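Geometric and topological summary
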Amino acid sequence: MERGKIKRKHKGTYSGGGDREGREKNINMAQPEKHYKVFFLAVIALLVAICLAEIPLCHPRHKAAVVKMDEASLTVNNELDAEMVVSWLSDHCYQCVYQPLGVVPAGPGPGLTSSVDFTVGTQHGITLQLNSSPVSLELCTVHYHFWEHGNYSLWVKNLNDSSVVNCSMITDTETVNSYLPIMVAFLLFTGLAILSAIGATVMGLDVVKNLMFRLGNSMETERLINSDLGFPCRTVETATDTILPGPATPSRRLRSLDTFRGLSLVIMVFVNYGGGRYWFFRHESWNGLTVADLVFPWFVFIMGTSISLSVSSALRWGLSRFSLFTKAVWRSVQLFLIGLLIINPNYCQGPLSWDSLRIPGVLQRLAFSYLVVVSLDLCVAWNSLDNLPVDAWWYPAREFLLYWPAWLCVVVLETAWLCLTFLLPVPDCPSGYLGPGGIGDMGQYPNCTGGAAGYVDRWLLGENHIYQTPSSRVIYKSHLPFDPEGVLGSINSVLMAFLGLQAGKILLHYKDQHSSIMARFLIWSLVLGIISAVLTKCSLNEGFIPINKNLWSLSYVTTLACFALLLLVLIYYTVDVKRWWSGAPFYYPGMNSILVYVGHEVLEEYFPFRWRMTDSQSHAEHLTQNLLATSCWVLISFLLYRKNIFWKI
């Protein structure tokens, strides 16, 4: 997220799996073992690469000590005989008013300049406006995208015609490529993934398998010869016993779902830890999308898919719907309470004040969405899908038409969201306002942040019980509290989970029919994409309902569901259809998602997830810390997977 303020600066100077009791287990454990080793190689290589990436950044820079991360130094030189007012406007701020940067005195005499140093942001392009004072006559405007730690000079002078003002920007010193560390990290992990894929292909060759089998037999024979065979009551499993197939499992778990969940969770952990302090790894200030805005809706989506599969399985086993509902209620209560604990951490510093307890949150929204979608599914789910009439008119679209009552409920919920959003009267705000307030919309509605969504939260929960520092504060200078996990947005999160439930219905009705599953995923993705295009008019800010994570707008849900289905098709095809990829390493945190999420929130400030940095204004050092912290949770989830430890609530 951009450092939206432009502030004035005063001028001055163990990786193996242990013993294996059987050849079958040896073969099954080979894949995690391989990824476990690759993980350590990735961490070591990443540290080396980041260190190397810093080498060219260590050249001395003019005034490098006074500018911070995502900042540059700008010197405005005025040769005019009148003082100037310098204002600025970020390209990322839609319909905003210019913000004052400072005043530059008039030149002391003909050919002489007065200069003032300022600090400017570098995350997005900036338009500088220079006005003469006190008549406020615009002299010129300069659009420029500054680079981190750069030193720039803006010269303002008269040409031969004294009525013509010339403004020119000059780069004084070498700038820093702040994106170099993440480019190196990306290339490094991509290379390791390619090497891992090549290794898996080589290990899958028959020649290599036979060689490893013979080597394993020889090692087993040597172990038996050297072991203590004289002890009574001791049985030894022979090599012949270990290669016999084990009992068949009643159903095969779809690894692609856990991989999808794990991928979303790993990215979520990374961006929550800071994402190297890059703006695209932080939530968008208002309309639009960044990487950080993708992962939570995807997690909600795949939760809905899992609900569909788990409810269907439980009903086939003969569990009553009431018992499943009571379990869902209890689980939702647990999620909600855990969420309250981890987003109100002041209890570590003393008694927690009820006056400032934040109520909405990520796990709270998951709890609400989970309970609603489970309740809907329990109302419409079939106990068995084996005896459906093939000749019925609805059979070709059975995954949708069989569950029309649940769809009707979702439509009612969405209608309620639309009515509240666009028709609810909000004091001092226009009807249907979806803006950020503050300096947005030319500063006309400074107290209307979020429109009806913000108003409902402040009225229902109270200003002290919602998020106090929303992302809109940085760019749009909004000052009202606003919660991105608020009440109205929770309605659309139910829609997101329900679309995931629909994906689960496709998996159930077309079990093992891979082409049909992927075709329907793509069709749903196309339909949702078209809806998004209509709602947004294919624009960032000009649509009927812009894509907005803070509001969890309808277009945000349809767009992210479209992306989720496309990604799920890709993972499903590579993991469960072709089995080119095991899903590692994302598969492991996907199997222990609650533990990883809660753990990374609670232990965020503790070593090895965070430590004191030598240069807190370095993207490379932040990136190293955040990548290693995220990798630690991948490693923890892998070790728990090896120990068969899973936290379920």
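Residues numbered from 1 in each chain as written. Predicted model: local features only at pLDDT ≥ 70, side-chain atom pairs only at ≥ 80, totals over all residues. Heavy atoms only, no water.

Tracing the backbone through its elements, the reader meets arginine 610 in the loop between α17 (593–602) and α18 (619–642). Within the structure, arginine 610 has its side chain in polar contact with the backbone oxygen of tyrosine 273 (distance 3.3 Å). Here glutamate 605 takes part through its side chain, which lies 3.1 Å from a polar atom of the side chain of arginine 610. When residues no more than four places from it in sequence are discounted, the contact partners of arginine 610 are Tyr273, Glu604, Glu605 and Gln625. (Helix = DSSP H or I, 4+ residues; strand = E, 2+ residues; numbered from the N terminus. Polar contact = N/O pair within 3.5 Å; in protein donor to acceptor, adjacent residues only side chain to side chain. Contact = heavy atoms within 4.5 Å.)

Once that is clear, we can look at the pattern of salt bridges. Applying the stated criterion across every chain yields a total of eight salt bridges. Linking arginine 358 and aspartate 483 is a salt bridge whose minimum nitrogen-to-oxygen distance equals 2.8 Å. Of this pair, arginine 358 sits in the loop between α7 (321–343) and α8 (362–380) while aspartate 483 sits in the loop between α12 (472–476) and α13 (487–509), and the two are 125 residues apart along the sequence. Like arginine 358, the residue aspartate 483 is buried in the burial classification. With a closest N to O distance of 3.5 Å, arginine 520 and glutamate 399 form a salt bridge. (Salt bridge = Lys/Arg side-chain N within 4 Å of Asp/Glu carboxyl O. Buried < 20%, exposed > 50% of the residue type's maximum accessible area, 1.4 Å probe, protein only.)

For the rest of this paragraph, the subject is the confidence of the model for the protein. In this model, the protein carries a mean pLDDT of 83, and residues with pLDDT of at least 70 account for 82%. Across residues 1–65, confidence stays below pLDDT 50; counting only partners more than four residues off in sequence or on other chains, it has 134 contacts. When the criterion is pLDDT under 50, residues 224–251 qualifies, and its contacts beyond four places in sequence or with other chains add up to 20 contacts. (pLDDT = per-residue confidence, 0-100.)

The next thing to look at is the pairing of strand β7 (residues 151–158). In the sheet, strand β1 (residues 71–78) pairs with β7 via six bridges, with the strands oriented parallel. The residue of β7 that forms the bridge with asparagine 78 is valine 156. Bridging between β7 and strand β8 (residues 165–171) involves seven bridges; their strand directions are antiparallel. What sits directly across from tryptophan 155, in β8, is serine 168. (Pairing = 2+ DSSP bridges.)

This brings us to helix α15 (residues 554–577). For α15, spanning 24 residues, the distance from its first C-alpha to its last is 32 Å, which sits close to the expected 34 Å at 1.5 Å a residue. The buried count for α15 comes to 19 of 24 residues, which makes it a mostly enclosed element. Arginine 579 sits one or two positions beyond α15 and adopts a positive phi of about 55°. (Expected span 1.5 Å × (residues − 1).)

Note that glycine 451 resides in the loop between α10 (404–423) and α11 (452–460). Measuring from C-alpha to C-alpha, the distance between glycine 451 and proline 425 comes to 9.3 Å, with 26 residues separating the pair along the chain. The contacts of glycine 451, once residues within four sequence positions are left out, are Val426, Tyr433 and Gly435.

Attention shifts here to the state of the cysteines. With the rule as written, the count across this model stands at three disulfides. Here cysteine 140 connects covalently by a disulfide to cysteine 167, the sulfurs 1.9 Å from one another. Taking the torsion about the sulfur-sulfur bond, which here is approximately -85°, the covalent link between cysteine 140 and cysteine 167 counts as left-handed. Separated by 27 residues along the polypeptide, cysteine 140 in strand β6 (residues 137–144) and cysteine 167 in strand β8 bring together distant segments of the chain. (Disulfide = S-S within 2.5 Å.)

Pairing is mixed in the open sheet, where four strands are placed in the order β4-β1-β7-β8. Each having just a single partner strand, β4 (114–121) and β8 make up the two edges of the open sheet. For this sheet, the mean inter-axis angle between neighbouring strands, taken without regard to orientation, is 20°. (Axes fitted to C-alpha atoms, helices over the stretch in contact; angles between N-to-C directions.)

Taken as a whole and assessed by the stated rule, the structure comprises 29 aromatic pairs. Here the aromatic rings of tyrosine 179 and phenylalanine 280 are separated by 6.0 Å at their centres, their planes lie at 25°, and the arrangement is stacked. On the criterion of sequence distance, the pair formed by tyrosine 179 in the loop between β8 and α2 (180–203) and phenylalanine 280 in the loop between α5 (255–272) and α6 (295–316) is long-range, its members being 101 residues apart. Its relative accessible area of 23% is what places tyrosine 179 among the partly exposed residues. A centroid spacing of 4.8 Å and a plane angle of 10° characterise the contact between phenylalanine 609 and tryptophan 633, whose relative ring orientation is stacked. Placement of phenylalanine 609 in the loop between α17 and α18 and of tryptophan 633 in helix α18 is noted, with a sequence separation of 24 residues between them. The class of phenylalanine 609 is buried, set by a relative accessible area of 6%. Members of the aromatic cluster, each reached through a chain of ring pairs, are Trp147, Tyr179, Phe270, Tyr278, Trp279, Phe280 and Phe281. Positioned above the aromatic ring of tyrosine 370 is the side chain of arginine 331, whose terminal nitrogen or guanidinium carbon lies 5.1 Å from the ring centre. Here the guanidinium or amino end of arginine 398 rests over the ring plane of tyrosine 395, the centre of that ring lying 3.9 Å away. (Phe/Tyr/Trp six-rings, centres within 6.5 Å; stacked < 30°, edge-to-face > 60°. Lys NZ or Arg CZ within 6 Å of the ring centre and 35° of its normal.)

Before going further, it helps to spend a moment on the sheet that holds β6. The pairing of strands in a sheet comes from backbone hydrogen bonds and takes either a parallel or an antiparallel form. Spatially, four strands are ordered β3-β2-β5-β6 in an open sheet, and the strand pairing comes out antiparallel. One side of each edge strand has no neighbouring strand; the edge strands of this open sheet are β3 (99–104) and β6. Ignoring strand direction, the axes of neighbouring strands in this sheet form an average angle of 25°. Relative to strand β5 (residues 126–132), strand β2 (residues 84–90) runs antiparallel, the two being bridged by seven bridges. The partner of valine 85 across the bridge, within β5, is asparagine 131.

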